[in-house]
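Letter by letter, the chains look like this.
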Amino acid sequence: MMCYCFLTCDQSRALKKREVELKANLVMTKDLVVCSPDQTVAEVIDLLRGKSFRGLPVVDENNKIMGAVNLLGLISKFVPEYIITGDLKSISYAPDMGVLRKQYTATLDQKVSVIMDRDPTIVQETESLLSVTATLITYDRFEYAFVADKQNVLLGLIAASHILRCLSTFVS
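Remember, predicted model here, so these are calculated numbers, not experimental data. In every chain, residue numbers begin from 1 and rise along the written sequence. For this predicted model, a pLDDT threshold of at least 70 governs which residues receive local features, and a threshold of 80 or more governs which side-chain atom pairs are given and counted, while totals over whole chains, interfaces and linings are taken from all residues. The basis for every side-chain value is the complete set of heavy atoms in the structure, and neither hydrogens nor water enter the calculation.

### Remarks on the packing of aromatic side chains
- Centres within 6.5 Å are what make two rings of Phe, Tyr or Trp a pair, Trp counting through its six-membered ring; a difference in plane orientation under 30 degrees is then read as stacked, over 60 as edge-to-face, and the rest as tilted. Under the counting rule described, the total for this entry stands at two aromatic pairs.
- A centroid spacing of 5.0 Å and a plane angle of 80 degrees characterise the contact between Phe 78 and Tyr 104, whose relative ring orientation is edge-to-face. Note that Phe 78 is positioned in helix 4 (residues 71–78) and Tyr 104 in helix 6 (residues 97–108), a separation of 26 residues in sequence.
- Think of it in three bands: with a 1.4 Å probe and only protein chains considered, a residue is buried below 20% of the maximum accessible area for its type, exposed above 50%, and partly exposed in between. Judged by relative accessible area, which is 10%, Phe 78 ranks as buried.
- Where Tyr 144 meets Phe 146, the ring centres are 5.5 Å apart and the plane angle is 45 degrees; that geometry is what we call tilted. Neither Tyr 144 nor Phe 146 differs from the other in exposure class; each is buried. The numbering of helices and of strands both runs from the N terminus, where a helix is a DSSP run of H or I of at least 4 residues and a strand a run of E of at least 2.

Shown next, in the form of structure tokens:
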């Protein structure tokens, strides 16, 4: 029998028999790469590129979740506000790469704490897979949620792909 999610083979068999309820702590990825709020944007961009990640949790020295950094969030810092807000009637008249390059360069030395998303999607380790799925759909900002304990200490991450992989257990 092939095992799915991050479950042991025994857990996977019990799941197929509907003997165990899937909780976030059984599905999450535990081995995470994180960044610090004191790191620079340049360091985080290098880390994201080097690992081919789309985002990272931002944690303090006690592994408590402080925020998140993701690719779209970073890119949004390089686009002038007048374009994002729609104040410019036609984007075709906007200055092109020079503006992006200038904003990008100005952002590189900033600390992650300045640009991070301070309200990432967080679920508790004891939440059901259904609850986690509903949270991801409802808040629709990312394709992942951080898993934390009651003190908001990072324990892992659940991505939409993990949920699909687990659901495939029921049909295989």
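### Some details on the environment of Lys 111
- Here Lys 111 is to be found in the loop between helix 6 and helix 7 (112–115).
- A relative accessible area of 38% places Lys 111 in the partly exposed class.
- The criterion used for residue contact is that any of the two residues' heavy atoms lie within 4.5 Å. When neighbours within four sequence positions are excluded, Lys 111 is seen to be in contact with Pro 37, Asp 38, Gln 39, Thr 40 and Val 41.
- Residues adjacent in sequence count toward polar contacts only when both atoms are side-chain atoms; beyond that, a polar contact is any pair of N or O atoms within 3.5 Å, and within protein one must be able to donate a hydrogen and the other to accept it. Of note is the side chain of Lys 111, whose polar atom sits 3.1 Å from the backbone oxygen of Asp 38.

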